Amino acid sequence: MFEHEHEATSVGADPGVQPPDALYRLDRNWRISHVNLAVETLLDRPATEMLGRHALEAFPSLRGTLVEESLSGVLADGRPRVFDYHHEPWDHWFTFRVYPGSEGVTVVVRDVDERLRADRQRDEATCQLTAVLETLPSATVLVNGDGRILSANRAWVSDGELLRTVGIEPGGVGDDYLQAMSRALDPDDHAAIAAGLQRLTASAGSSPTGTFDYEYSSKLGAFTAWYQLQAARVENSDRLVITHTDVTARVRGEQALAWQATHDELTGLPNRAALLRLIGAALDAPDAGGTALLVLDLDAFKTVNDSLGHQVGDALLCQVAGRLVEQIRPGDAVGRLGDDQFVVLAENCDSTEAAALAYRLQASFALPFAGSGITVPLTASIGVAVACEGATDPHQLLSDADAAMFSAKSSGRDRVHLFSPALREAARWRLEVASRLREDAIDQLVVHYQPVVRLDTGEVEGVEALVRWQHPERGLLPPDTFLAVAEETGQVIPITRWLLRETTRRAAEWRAQGLQLRMSVNVSARHFSAETLVGDVRVALRDSGLPPEQLVLELTETCVAEDPTRAEDQLTVLRSFGVRVALDDFGTGWSSLAQLFALPIGILKIDRSLLVAAERAAPGDTGAVLAAIVGLTRSLGIRSVAEGVETVEHLRMVQAAGCDLAQGWLLGQPMAADEVCDWVRSVQNAGGDLCALAAARPEAASTS
Ligand code: C2E
Ligand code: CA
Ligand code: CA
């Protein structure tokens, strides 16, 4: 149907507009019986030149081609043919449709050159792209504009095999990509990916290229894998290359880091940072009832750690964590602040409920804990704070609960205290003390001395050194305003070291002036744990030259009870120097008498509270308890000191009970160092019997 060497460019010269199909009819003898207008245009020849001629004569270049063969075929078997034909002289492609008819055949010829060439280019591009995809380590597919998978690389196929092992049918070439993906995806992720790909496809033509990034997880049986999906549109097309990179290792790493940043490694509970965030969220909650915070601090846990070892300590902390978690309601949180401090956060909880919760937590410690084959009794001091309306600062609530805990702790172990605003002031003061003690406060400490008097002769036997803080703004502060903080921060050790030097120096000085006064110095429990006490005492004695028998170290029951063996060892060494040891505040603690009397103690100081109790007992029966204690100490060779003798009645009572020594306002107030000499001399000048002098004083008589 083609004649001359025709310029290919003239064919379909208007690109993009499909020229009408050329139509011929041939009779059974191959004679052209009809051509349409399109044929004339296509060949640029009038119809008259073709009609009635043999087709192969009119178009000799078709001889021996697929066209001749096919036309013969249709004429022979009467079955239609459709085929693409490349007309070599023009290097041009056509599609032929040949239909049989009663008179011959109808031939429809369509110019498909442009389309076919474009398709071929596209296929080549696809091949190239597929080759590139094959080299990618990540599972990658090429997806057509209609969402079908055109090709998939080896990584995709092997990932698919993995999917099959967990019962998920993977997608392959020809499948709908999104549908295949939906089988391994969370619906939300699926929707997000569908939307992202849709945007990318829709942008075809507008922007030169587009990309879409999305991270998702996929549950593969019990295992969760994370993937980074990256989709890019192929330039000048609506096809997408989609890679799926396994980022499980990275995500796992990030998750581990995030977990570590918000959790306590030992117990797995939220840590301080996470707790503050939780408290903040609870305070911000729009219709929060009340937010309660409980701070728990284990009592004497340091001793547990020191005596049983950190491994046991850690195991105990984990058990404590477990018990606390058992006590809370769903929605509440338990966290660990560090060391032996835990926090419970309860939402929709008023102060009554919070107190109830605190007592429940306290009760959960009733059963002992198990540690390395032994049972360990533990108690906690609990502080409770409930946020007031409009409170938003998580740090404030935590510091309030902390202040309440501190107050519980300082009133003895195993207590629950509720926060009150006065405690906030106390907390502020503690903070000030802690920082001042670290700076210059140690230079502002002064020592006052209270006489200790023999009850048989009324002589002044010695003095007790009592520390005070000459605060530049607040004046002279008693020890209980700052010593607890000093204990906590460890500053009490340098303070005591200074005190030992100062007081022994002072006693040696008085001695040189002919005044023999035994010096009593209070020592804190902390000093026993630090194990520097023996050295500190030795240095003070050596530097001052004071005979060791002139020094008395006063320690409380609690400081011995915390770690009796350690205390005993150090006290034995001190005793071997000749230093005296007194047990202070007897009657306020809870230790066993047997344990106490096993210690190398020379003096027992009976607390004022026993005196007050004895005073309240039935008249005539006064001092039965006192007498019993004194009798016991005497039988053990221990001297007794009655503390807090304020009245003549007290004096009579302690004398009747048989106490050896007494101390109290009636006999002598604590006084500055430079007053001591004159005061003692004035007593000596008045006869030397302080008991008689005190009883004879008119104001003393009136108080009795
Ligand atoms: P403490 O060792 O039991 O000291 C006796 C306390 O009772 C002193 O209080 C003293 O002033 C007071 N006092 C004396 N006579 C009477 C009295 O007749 N009636 C009453 N109600 N109280 C009387 P201060 O000086 O406030 O000391 C309180 C506590 O602080 C001491 O109790 C002691 O535990 C501690 N402390 C004082 N100085 C030191 C020190 O240098 N080092 C250490 N570690 N603790 C010290
Ligand atoms: Ca004392
Ligand atoms: Ca005392």
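What counts and what doesn't
- Residues numbered from 1 in each chain as written.
- Chains lettered and ligands numbered in written order.
- Predicted model: local features only at pLDDT ≥ 70, side-chain atom pairs only at ≥ 80, totals over all residues.
- Heavy atoms only, no water.
- Near = heavy atom within 4 Å.
- Polar contact = N/O pair within 3.5 Å; in protein donor to acceptor, adjacent residues only side chain to side chain.
- Areas by Shrake-Rupley, 256 points an atom, 1.4 Å probe, with all protein chains shown as cover.
- Helix = DSSP H or I, 4+ residues; strand = E, 2+ residues; numbered from the N terminus.
- Nonpolar A, V, L, I, M, F, W, Y, C, P; charged D, E, K, R; others polar.
- Donors = N, O, S within 2.8 Å, 3.2 Å for Na, K, Ca; no water.
- Buried < 20%, exposed > 50% of the residue type's maximum accessible area, 1.4 Å probe, protein only.
- Phe/Tyr/Trp six-rings, centres within 6.5 Å; stacked < 30°, edge-to-face > 60°.
- Lys NZ or Arg CZ within 6 Å of the ring centre and 35° of its normal.
- Expected span 1.5 Å × (residues − 1).
- Arc of directions from axis to C-beta.
- Pairing = 2+ DSSP bridges.
- Axes fitted to C-alpha atoms, helices over the stretch in contact; angles between N-to-C directions.
- Contact = heavy atoms within 4.5 Å.
- Salt bridge = Lys/Arg side-chain N within 4 Å of Asp/Glu carboxyl O.
- Domains from an automatic or database assignment.
- Core = buried A, V, L, I, M, F, W, Y, C linked by side-chain atoms within 4.5 Å.

Draft legend 1. The arrangement of the site of ligand 1 in detail. Around ligand 1, a shell composed of 21 residues is seen, among which Gln450, Arg468, Asp584, Glu646 and Trp665 lie nearest. The contact in question runs from a nitrogen atom of ligand 1 to an N or O atom on the side chain of Arg608, over 3.2 Å. The contact in question runs from an oxygen atom of ligand 1 to an N or O atom on the backbone of Trp665, over 2.9 Å. Bound to the protein, ligand 1 loses 80% of the 790 Å² it would expose on its own. Mapped by element, the contributors of at least two residues to the shell around ligand 1 are strand 19 (460–471) and strand 23 (580–586). Taken together, the residues of the shell around ligand 1 sort by class into eight nonpolar, five polar and eight charged.

Draft legend 2. Just the coordination of the calcium ion (ligand 3), in detail. Protein coordination of the calcium ion (ligand 3) is provided by Asp584 (OD), Asp585 (OD), Glu643 (OE) and Glu643 (OE), with donor distances spanning 2.1 to 2.5 Å. Sequence spacing among the residues donating to the calcium ion (ligand 3) works out to D-D-x57-E. In this structure, the calcium ion (ligand 3) is positioned 4.0 Å from the calcium ion (ligand 2), and both are ligated by Asp584. Here Asp585 is found in strand 23, whereas its partner Glu643 is found in the loop between strand 25 (639–642) and helix 24 (648–657), with 58 residues between them in sequence. Classification of Asp585 by relative accessible area gives partly exposed; the value is 25%.

Draft legend 3. Local environment of the packing of aromatic side chains. Tallied over the entire structure, the rule returns 11 aromatic pairs. Here a set of aromatic residues connected by ring pairs shows up, and it is made of Phe83, Tyr85 and Phe96. Taking the ring centre of Phe369 as reference, the NZ or CZ of Arg323 above it sits at 3.7 Å. Seen from the ring of Phe406, Arg430 lies directly overhead, with NZ or CZ sitting 3.6 Å from the centre.

Draft legend 4. Geometry of helix 12 (residues 351–363). Here helix 12 spans 18 Å end to end across 13 residues, near enough to the 18 Å set by a 1.5 Å rise per residue. Of all the positions in helix 12, only Ala354, Ala355, Leu357, Ala358, Leu361 and Gln362 are classed as buried. Taken down its axis, helix 12 places every buried residue within 160° of arc, on the same side. Facing away from the buried surface of helix 12 by more than 90 degrees, the exposed residues are Thr352 and Ala363.

Draft legend 5. Summary view of the pairing of strand 11 (residues 292–298). With seven of seven residues buried, strand 11 lies mostly within the body of the structure. The two faces of strand 11 match: Ala292, Leu294, Leu296 and Leu298 on one face and Leu293, Val295 and Asp297 on the other face are all buried. Strand direction decides the pairing type here: strand 11 and strand 13 (residues 341–346), joined by six bridges, are antiparallel. Its bridge partner lying in strand 13, Leu296 is registered against Phe342. Pairing analysis gives seven bridges linking strand 11 to strand 16 (residues 380–386), with the strands arranged antiparallel. Paired with Val295 across the two strands is Gly383, which belongs to strand 16.

Draft legend 6. View of the sheet that holds strand 17 (residues 416–418). Strand order in this open sheet of five strands is 12-13-11-16-17, and the pairing throughout is mixed. Of all strands in the sheet, those bounded by a partner on one side alone are strand 12 (333–338) and strand 17. The average undirected angle you get between the axes of adjacent strands in this sheet is 20°. In the packing of helix 11 (residues 310–327) onto the sheet, the strands contacted are strand 11, strand 12 and strand 13, and the crossing angle to strand 13 comes to about 15°.

Draft legend 7. How the structure looks around the pattern of salt bridges. What the rule picks out here adds up to 35 salt bridges. Glu49 serves as the salt-bridge partner of Arg45, at 3.6 Å between the closest nitrogen and oxygen. According to the relative accessible area criterion, Arg45 is buried, its value standing at 5%. Residue classification places Glu49 among the partly exposed positions, given a relative accessible area of 39%.

Draft legend 8. Representation of the coordination of the calcium ion (ligand 2) within the structure. Around the calcium ion (ligand 2), the protein contributes the donor atoms Glu464 (OE), Asn522 (OD1), Glu554 (OE) and Asp584 (OD), which lie 2.1 to 2.3 Å from the metal centre. Within one chain, the residues serving as donors to the calcium ion (ligand 2) are arranged as E-x57-N-x31-E-x29-D.

Draft legend 9. Just the domain arrangement of the chain, in detail. Each domain of the chain was delimited in the assignment, giving domain 1 (22–111), domain 2 (117–252), domain 3 (263–419) and domain 4 (435–703). The centre of domain 2, based on its C-alpha atoms, is set 84 Å off from the matching centre of domain 4.

Draft legend 10. Broad picture of the nonpolar core. Core analysis: the largest hydrophobic core is formed by 82 residues, its most contacted members being Tyr449, Trp510, Met519 and Val537. Examining the composition of this core, we find that eight residues originate from one element, helix 16 (residues 492–512), more than from any other. In this structure Met519 touches Tyr449, Val463, Ala465, Thr503, Ala507, Trp510, Gln550, Leu551 and Val552, once residues within four positions along its chain are discounted. By size, the runner-up hydrophobic cluster in this structure holds 31 residues, among which are Val334, Val344, Cys349 and Ala354.

Draft legend 11. A look at the sheet that holds strand 2 (residues 32–35). Within the open sheet, the five strands sit side by side as 2-1-5-4-3. Their pairing is antiparallel. Pairing within the sheet leaves two strands with one partner each, and these edge strands are strand 2 and strand 3 (81–87). Ignoring which end each strand starts from, the neighbouring axes of this sheet average 25° apart. Relative to strand 3, helix 3 (residues 66–77) is tilted by about 160°, and along the sheet it contacts strand 1 (22–27), strand 3, strand 4 (92–100) and strand 5 (104–111).

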